[in-house]
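Listed below, chain by chain, are the residues.
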Amino acid sequence: ANQNSPESLRAATVGEFYDIIIDDGGHSMRQQQNTLAALWDRLRPCGAFVVEDLHTSNFPGSQWDDYRPTTLDVITGEAPSGLVDFAWI
């Protein structure tokens, strides 16, 4: 699926639910957040959603810094996303 397209991500998972989702794809904020937004509701209760390469949130001005808020801000609740109830960082 294409991380630049939330529609592509949703289409790839229609009717499927997962115990674990691992985002080991793009490093950009937009790609990471597209994946979170498109697949969060595909996660079963008590499941785990792993986003690799969150360190890119700490490199302002880098090639990955293409969107605000950063993905780390979204996950830790610094940004009003409503996506995450709890995060282990």
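Reading the values: the criteria
- Residues numbered from 1 in each chain as written.
- Predicted model: local features only at pLDDT ≥ 70, side-chain atom pairs only at ≥ 80, totals over all residues.
- Heavy atoms only, no water.
- Helix = DSSP H or I, 4+ residues; strand = E, 2+ residues; numbered from the N terminus.
- Contact = heavy atoms within 4.5 Å.
- Phe/Tyr/Trp six-rings, centres within 6.5 Å; stacked < 30°, edge-to-face > 60°.
- Lys NZ or Arg CZ within 6 Å of the ring centre and 35° of its normal.
- 1 Å grid on protein atoms, 1.4 Å probe; cavity = no way out; pocket = protein on both sides within 12 Å on 5 of 7 lines; lining within 4 Å.
- Points joined across faces, edges and corners; volume = space filled by probe spheres on them.
- Nonpolar A, V, L, I, M, F, W, Y, C, P; charged D, E, K, R; others polar.

A.B. asks: Give a description of the side chain of Thr 35 that names residues and reports values.
C.D. replies: Secondary-structure assignment places Thr 35 in helix H2 (residues 29-39). Beyond its immediate chain neighbours, meaning those up to four positions away, Thr 35 contacts Gln 3, Leu 9, Asp 23, Trp 40 and Phe 49.

A.B. asks: Got a sec to walk through the packing of aromatic side chains? Specific residues and values, please.
C.D. replies: A complete count under the given rule lists one aromatic pair for this structure. The ring of Phe 17 carries Arg 42 above its face, with NZ or CZ at 4.0 Å from the centroid.

A.B. asks: Account for the layout of surface pockets, with residues named and values stated.
C.D. replies: Its boundaries defined by the atoms lining it, the second largest pocket holds a volume of some 170 Å³. Lining the second largest pocket are Ala 1, Gln 3, Leu 9, Ala 12, Thr 13, Tyr 18, Ile 21, Ile 22, Asp 23, Gly 25, Thr 35 and Leu 39. Contributions of two or more residues to the lining of the second largest pocket are made by helix H1 (6-12), strand E1 (18-23) and H2. If one sorts the elements of the lining of the second largest pocket by residue count, E1 sits on top with four residues. The residue makeup of the lining of the second largest pocket, split by class, is seven nonpolar, four polar and one charged.

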